[in-house]
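Observations on the three-dimensional arrangement
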Amino acid sequence: MDCLFCKIVAGEIPSHKVYEDEFVYAFLDIYPCSEGHTIVLPKKHFGRFTDMDGEEAAALFSSVNRVAKTVEKTLGLEGMNIGINNGEIAGQTVPHVHVHIIPRRAGDGEGNMHTIVELHPSTDNLPELAEKISKSFE
């Protein structure tokens with residue numbers, strides 16, 4: 001497989017590893033948004049978060065929680081953004097599921113998750129949209 005992150009997990013490409021367990025590998029982003037920007041990814045290749053089953057997603061986020069707490073404590077952070085770009089249209093540049101932990105500091109001048117996409121669609125259809133989505137669960 002010609003996946004950048006699979007090659008990092010396999011040790012074929014060097015990284016600045018901060019954590020590893022049986023399911024995930026975490027390392028510092030080489031193009032960080034802020035100091036300590038960490039990437040957490042499953043060792044097994046999944047192209048998108050929605051390709052994972054519930055158990056796999058739970059294992060990923062259990063480790064994300066552990067890594068985020070450690071980054072927060074170690075760097076003395078007041079906050080952080082934690083997120084996934086799921087699919088190319090959402091900004092996913094490496095087609096291997098990965099979670100960004102982006103440390104935030106007072107006065108860093110950046111916005112919240114709502115500053116990523118601000119389409120401000122109509123909210124007139126919220127009841128119908130909620131019903132449509134809720135009825136689609138399997």
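Structural notes, computed from the coordinates. The structure displayed is predicted, hence computed values, not measured ones. (Residues numbered from 1 in each chain as written. Predicted model: local features only at pLDDT ≥ 70, side-chain atom pairs only at ≥ 80, totals over all residues. Heavy atoms only, no water.)

1. Some thoughts on the overall build of the protein
The criterion, for reference: The way it works is that DSSP assigns letters per residue, a run of H or I at least four long becomes a helix, a run of E at least two long becomes a strand, and they are numbered from the N terminus. Burial classes: relative accessible area under 20% of the type maximum marks a residue as buried, over 50% as exposed, and values in between as partly exposed (1.4 Å probe, protein chains only). Counted as positive: Lys and Arg. Counted as negative: Asp and Glu. His and the chain ends are not counted at all. Where a charge lies is defined by one atom per residue type: Lys uses NZ, Arg uses CZ, Asp uses CG and Glu uses CD.
Helix and strand content of the protein: 3 helices and 5 strands. Shown N-terminal to C-terminal, the secondary structure of the protein runs as helices and strands in the order α-β-β-β-α-β-β-α. With the C-alpha coordinates of the protein rotated into their principal frame, the extents come out at 50 × 40 × 25 Å. Looking at the protein residue by residue over its 138 residues, the buried ones come to 34%. In the protein, which carries 12 positive and 21 negative side-chain charges, the distance between the mean positions of the two groups comes to 5 Å.

2. Structural notes on the pairing of strand β2 (residues 24-28)
Defined as follows: A pair of strands is labelled paired if DSSP reports no fewer than 2 bridges between them.
In terms of burial, β2 is a largely internal element, 4 of the 5 residues being buried. By the bridge criterion, 3 bridges tie strand β1 (residues 17-20) to β2 in an arrangement that is antiparallel. Along β2, the bridge assignment pairs Glu20 with Tyr25. Counted between consecutive antiparallel strands, the loop separating β1 from β2 contains 3 residues. Sheet topology places β2 next to strand β3 (residues 38-42); 5 bridges connect them, and they run antiparallel.

3. What to know about the pairing of β3
A regular strand places its side chains so that they alternate between the two faces of the sheet. In terms of residue burial, β3 counts as a mostly covered element, since 5 of its 5 residues are buried. The side-chain alternation of β3 yields two buried faces, one formed by Thr38, Val40 and Pro42 and the other by Ile39 and Leu41. Examined bridge by bridge, β3 and strand β5 (residues 99-104) share 3 bridges and lie antiparallel to one another. When the bridges of β5 are listed, Thr38 appears paired with Ile101.

4. Digging into the nonpolar core
Test applied: Throughout, nonpolar core names a set of buried Ala, Val, Leu, Ile, Met, Phe, Trp, Tyr and Cys residues whose side chains join them through atoms within 4.5 Å. Any two residues whose heavy atoms approach within 4.5 Å at even a single point are treated as in contact.
Counting 17 residues, the largest nonpolar core has Val40, Leu60, Val67 and Ile101 as the members making the most contacts within it. Among the secondary structure elements, those contributing two or more residues to this core are β2, α2 (54-75) and β5. For this core, the element with the highest residue contribution is α2, accounting for 5 residues. Residues contacting Val40, with those up to four places away along its chain left out, are Val24, Tyr25, Ala26, Leu60, Val64, Val67, His98, Val99 and Ile101.

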